[in-house]
Amino acid sequence: MIKALRGTKDILPGESDLWQFIESTGRDIFNIYGYNEIRTPIIEEASLFIRGIGDLTDIVQKEMYVFSDRGNRRVALRPEATASIVRAYIENSMSQSGGAAKLFYTGPMFRSERPQQGRQRQFYQIGVEAIGSDSPFLDAEVIALAVRFLDRLGVKNYHVKLNSLGCQKDKMAAIAKHKENFKPHFEKLCDTCKARFDKNVLRIFDCKGDTCRVIAENVKVEAALCNDCESHFKKVKQCLDELGVKYTVDHKIVRGLDYYTKTVFEITQDDLGAKDAICAGGRYNNLVKELGGKDTPATGFAFGVERLALALKAVSCQHSAVSPKVFVAVAGEGLYPEAFKLLDSLRGAGIASEMDYDERSLKSQMRKAEKLGAGFVVILGEDEFKKGKAVLKDMSSGDQKEIMLNEIISALHTIKTSQVAEGNLRS
Ligand code: ATP
Ligand code: MG
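Residues numbered from 1 in each chain as written. Chains lettered and ligands numbered in written order. Predicted model: local features only at pLDDT ≥ 70, side-chain atom pairs only at ≥ 80, totals over all residues. Heavy atoms only, no water.

(A) The arrangement of the sheet that holds strand β14 (residues 376-380) in detail. Judged by pairing direction, the sheet is mixed, and its 5 strands sit side by side in the order β13-β12-β14-β15-β16 without closing on themselves. Every other strand in the sheet has two partners, leaving β13 (353-355) and β16 (400-404) as the edge strands with one partner each. Taking each pair of neighbouring strands and ignoring which way they run, the sheet shows an average axis angle of 30°. With 3 bridges joining them, strand β12 (residues 326-330) and β13 adopt parallel strand pairing. (Pairing = 2+ DSSP bridges. Helix = DSSP H or I, 4+ residues; strand = E, 2+ residues; numbered from the N terminus. Axes fitted to C-alpha atoms, helices over the stretch in contact; angles between N-to-C directions.)

(B) Summary view of the site of ligand 1. What surrounds ligand 1 is a group of 16 residues, the closest being Arg111, Glu113, Gln120, Lys208 and Arg255. In the environment of ligand 1, an oxygen atom lies 2.8 Å from a nitrogen or oxygen atom belonging to the side chain of Arg111. Glu113 is positioned such that a nitrogen or oxygen atom in its side chain is 2.6 Å from a nitrogen atom of ligand 1. For ligand 1, whose free accessible area comes to 590 Å², the fraction covered by protein is 93%. Of all the elements in the fold, those that place two or more residues in the shell around ligand 1 are β6 (122-131), β10 (277-283) and β11 (298-304). Tallying contributions element by element places β10 first for the shell around ligand 1, with 4 residues. Residues of the shell around ligand 1, tallied by class, amount to 6 nonpolar, 4 polar and 6 charged. (Near = heavy atom within 4 Å. Polar contact = N/O pair within 3.5 Å; in protein donor to acceptor, adjacent residues only side chain to side chain. Areas by Shrake-Rupley, 256 points an atom, 1.4 Å probe, with all protein chains shown as cover. Nonpolar A, V, L, I, M, F, W, Y, C, P; charged D, E, K, R; others polar.)

(C) Spatial organisation of the environment of Asp55. Here Asp55 lies in the loop between α2 (46-53) and α3 (58-63). C-alpha of Asp55 to C-alpha of Glu44: the two residues are 11 residues apart in sequence and 16 Å apart in space. Aside from chain neighbours lying at most four places away, what touches Asp55 is Ile50, Val60, Gln61 and Asp258. (Contact = heavy atoms within 4.5 Å.)

(D) Structural context of the nonpolar core. Ile131 and Phe182 are the most contacted members of the largest nonpolar core, which totals 48 residues. The leading source of residues in this core is helix α4 (residues 82-91), at 5 residues. Beyond its immediate stretch of four places on either side in the chain, Ile131 contacts Ile85, Val86, Tyr89, Ala100, Ala101, Leu103, Tyr284, Val288, Thr296, Pro297 and Ala298. Of all hydrophobic cores here, the second largest spans 47 residues; its members include Val142, Val155, Ile267 and Val305. (Core = buried A, V, L, I, M, F, W, Y, C linked by side-chain atoms within 4.5 Å. Buried < 20%, exposed > 50% of the residue type's maximum accessible area, 1.4 Å probe, protein only.)

(E) Spatial organisation of the packing of aromatic side chains. Applying the stated criterion to the full structure yields 11 aromatic pairs. Taken together, the ring pairs in this structure connect Phe30, Phe104, Phe149, Phe301 and Phe303 into an aromatic cluster. (Phe/Tyr/Trp six-rings, centres within 6.5 Å; stacked < 30°, edge-to-face > 60°.)

(F) Just a negative patch on the surface, in detail. A surface patch of like charges, here negative, comprises Glu333, Glu359, Glu382 and Asp383. For Asp383, the location among the structural elements is in helix α14 (residues 382-386). (Patch = residues over 30% accessible without salt bridge, like charges linked within 9 Å, V, L, I, M, F, W, Y side chains within 5 Å. Salt bridge = Lys/Arg side-chain N within 4 Å of Asp/Glu carboxyl O. Lys, Arg positive; Asp, Glu negative; His and termini not counted. Charge placed at Lys NZ, Arg CZ, Asp CG, Glu CD.)

Function-wise, these values are silent; they only describe arrangement.
Printed below as a string of structure tokens:
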């Protein structure tokens, strides 16, 4: 039997409701903040990510799916969306006169990691990018948006951790400082972190190994930003304070990707155990230029959808599957074609409807209607049908009455029912 690849998962009907809820809540709130959807290809030239994310990062060195296509081009499955969106921004000349291009996205990403709870090889992200402004208001907007998204979803027990890496110059100075501070502990670091020491010392702060974690927790970090970056960071914090967005400043939030500058942040959630990061983001003022565009500041974030779904399950967010408003039941043998036509006209009128095609007894059809959560059942029987009628049963009260076939749709449209088949989530 062929099974799904390791690290990939089917999202089955019961669970996809939760995913739709996450996505539609995202779309709503992103639109309110002025972000429009962008959909970029899942495959890109591998060099886009190597240059964008950085060739010394874990993603590029160990996690990216790269292959040669039939034309011998080096192609990668996207491990994240930011580099692709910046490519699209440059390629489609999306720069806005006055202000930032504000974009949101959702879709699958691919990283060849060791699969575990909350970590997959194909996983989904939902996020935003705002390209074209260095304003601290924009940093604050993006962080406030992430928080509002969580509140709308009903995610509880989350924490925003904030830091500033400063400009490229500040970042280089900090890297030198970090190297000095990690040096006495070098021998105790894991092999990966020993390699990181030279190549990407910031990444040591993200190591999940016990020994390295303790070392990183205890190592001294001094925040040393230039005046401009210091004042930018101060304004971001002030804006967040004014909006009442809670955060803690954590100088060990450094993010592993090369493109980050200035403000960086992570959001963790208490119920997720070791894989507690649900969102990561920040400024990437050098990426547009790095990928061949004009020097353009930008910021954004990405949520992991699997982890959002886990966090929502932890607060037992209740969601109801889509249920039909009407079930068409057949009580006369020859009436199936008529019932099928009625079903189609109900659906044509926008009324969610179902029937059973397996010609079972009326009793078992009624059981199915109940199981599906139908608000009403239309019963087609020989005697009523001869009079151009059917029986309409209200499943919540049990009341039933005869109704003209050609009046069913208008009757159903006017009846106010609590069981509307919108399939939306109620928490
Ligand atoms: P981690 O430290 O957990 O590996 P990361 O730094 O690699 O995270 P980012 O690249 O910043 O993560 O991605 C942003 C978010 O996407 C993460 O906070 C997480 O919620 C989610 N994410 C990242 N990798 C995976 C994965 N392999 N499976 C599921 N979700 C993931
Ligand atoms: Mg990772």
